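Given next are the chains, with one letter for each unit.
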Amino acid sequence: MRVCFTSHFLGAAENLLISEDGKTSWTQHVPDDAWVLDDEHIWPARDIATVAKLANVDLTFPDEPTSTVMHQVGAVATPWCSIIPRWKLLNMLRHLTRDVMSVLNTSDVGYYSNTYEPSRRLLSTLARCKIDLARLRAHVGVDGNQDVLETFLPDPTGFAKPITYDQFRTRTGRLVVANGPRILTLKRTHRDIMVSRWKGGKVVAFDYTSLEARIAAIEAGHDPSDDIYSDLSSRVLGGAPRSAAKLAVLATMFGAGGVMLDGSVEPGAESWMMAKIRDYFAVNEVTARLASELSEVGHICNKYGRRVQTSHQDNIIYSSYVQSSGVDVALNGFVTMCEELRRQALLSVPVFVLHDAMFVDMHPDEFMYIDGLCDVGSKVRGYTQRFPLKAKAVTE
């Protein structure tokens, strides 16, 4: 494993390359097979800074005292390597190399390579979405929500700006829009502003069904049916309304208790339903395992190994695990679906990801592939159980 500190990161004229045996050399080019540390941008692959974030390790360089002195003397724009005394620089590089090697020997590297990096590549290569400006303006005039709608304003070619997602702003990895169209907070009734770039095409939403509830059920050893809530209603809750079963599951996921069921079931039935749901999902057993992990190493890991910082409160531990695992299940499935689009050499392109859903601009000659894409996406790495999707056209 070779490590490269870029010239921009070091403030030097060349890149510093460290070989597996610890030997160093200066080079003008970054080798394709090296793990790279750079503070100008996220490296396309083998990015050390991202792995450090996942491992919760600070790789700031130069160190804070040195940076403070450089700012005080007005030498911020001067290359660090030409200012810092040689002994000081070598000492700093030794410490940095030690920290980097420590990061690259953690399990976070496996999560980065197998899960994070493919999803990052998907999110950073989404196609721009075509926008119906007339519909957008009509919504602004009638429904408000102007600040969100304005982020979808098209350029002269009719397309919205590129979207950039942040996968670190939340504890669980749940997506946040850093720049571009705020798809995560766009009203469902406003989605008709998204139109196809193809004549006769459709923007289709591929949406995972009851994703977090399904993950929780699988974690407890079950293989849930496509309609998990109807299944729970008939098999676990004695024929209670499906809507009540769904509320009971959501209350379990987020620790809201039976208060969410008020008015939806017979008085006094709330506690019985909650107990049955907790038993079905093995909430106490799963939470105990996660709590033990948290006490031992200071964090929990989701299904794929992403570290999740959480409090010791039982319902927070449980919901954090389920939500973070859900993020990666969905992204893993979407990555597989996009690989299928490329494998089939289709013209259809993904344009947005909205948590459990991916919007794809489908070419009119490729509608027959929709069911196949749902099937491909239902088979998620790390699970033998299926994760069914529904496909629905947002606009014609």
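Scroll up for the structure.
Just so you know, these numbers come straight off a predicted model, no measurement behind them.

Analysis parameters
Residues numbered from 1 in each chain as written. Predicted model: local features only at pLDDT ≥ 70, side-chain atom pairs only at ≥ 80, totals over all residues. Heavy atoms only, no water. Helix = DSSP H or I, 4+ residues; strand = E, 2+ residues; numbered from the N terminus. Buried < 20%, exposed > 50% of the residue type's maximum accessible area, 1.4 Å probe, protein only. Contact = heavy atoms within 4.5 Å. Areas by Shrake-Rupley, 256 points an atom, 1.4 Å probe, with all protein chains shown as cover. Axes fitted to C-alpha atoms, helices over the stretch in contact; angles between N-to-C directions. Parallel < 35°, antiparallel > 145°, perpendicular 65-115°, else oblique. Nonpolar A, V, L, I, M, F, W, Y, C, P; charged D, E, K, R; others polar. Core = buried A, V, L, I, M, F, W, Y, C linked by side-chain atoms within 4.5 Å. Pairing = 2+ DSSP bridges.

**Q** What is the right way to read the overall build of the chain from this model?
**A** Helices and strands together make up the secondary structure of the chain, namely 14 helices and 14 strands. Here the C-alpha coordinates of the chain stretch approximately 75 × 55 × 40 Å along the principal axes. A total of 396 residues make up the chain; the buried ones form 48% of that total. Sequence separation of 24 or more characterises 63% of the internal contacts of the chain that already satisfy a separation of 6 or more. When the accessible area of the chain is evaluated, it comes to approximately 19,200 Å², of which 51% is carbon and sulfur surface.

**Q** I tried to follow the packing of helix α8 (residues 211–219) against helix α10 (residues 242–254) on my own but got confused; where do I start?
**A** Between two packed helices, both the angle of their axes relative to each other and the distance between the axes serve to describe the pair. Between α8 and α10, the least distance of the axes is 11 Å, while the angle of their chain directions is 75 degrees. Accordingly, the angle class assigned to the pair α8 and α10 is roughly perpendicular. Residues Glu 212, Ala 213 and Ala 216 of α8 lie in contact with α10, whose contacting residues are Val 249, Met 253 and Phe 254. Here the residues of the contact of α8 with α10 sort into five nonpolar, no polar and one charged.

**Q** Explain the nonpolar core to me, please; I cannot follow it from the model alone.
**A** Looking at soluble globular proteins, one finds that nonpolar side chains tend to be buried together. Phe 5, Tyr 165, Ile 183, Phe 206, Phe 334 and Phe 352 are the most contacted members of the largest nonpolar core, which has 78 residues in total. What Tyr 165 contacts, discounting residues up to four positions off in sequence, is Arg 120, Leu 123, Leu 126, Leu 175, Val 176, Val 177, Ala 178, Ile 183, Leu 184, Phe 352 and Val 353. Within the second largest apolar cluster, 31 residues are counted, among which are Leu 232, Met 273, Ile 277 and Tyr 318.

**Q** I keep staring at the pairing of strand β13 (residues 357–362) and nothing clicks. Help me out?
**A** Regular strands place side chains that alternate from one sheet face to the opposite one. Within β13, six of the six residues are buried, which leaves it mostly tucked inside the rest of the structure. When strand β12 (residues 349–354) meets β13, the two strands line up antiparallel, connected through five bridges. From the neighbouring strand, Pro 350 faces β13, where its bridge partner is Val 360.

**Q** Where do I start with the packing of helix α12 (residues 283–297) against helix α13 (residues 314–343) in this structure?
**A** Close contact between α12 and α13 brings their axes to 9 Å; oriented N to C, the two are set at 95 degrees. By the angle between their axes, α12 is roughly perpendicular relative to α13. Facing α12, whose interface residues are Val 283, Val 286, Thr 287, Arg 289, Leu 290, Ala 291 and Leu 294, α13 presents Asp 314, Ile 317, Tyr 318 and Tyr 321. Its residues assigned to classes, the contact of α12 with α13 comprises eight nonpolar, one polar and two charged.

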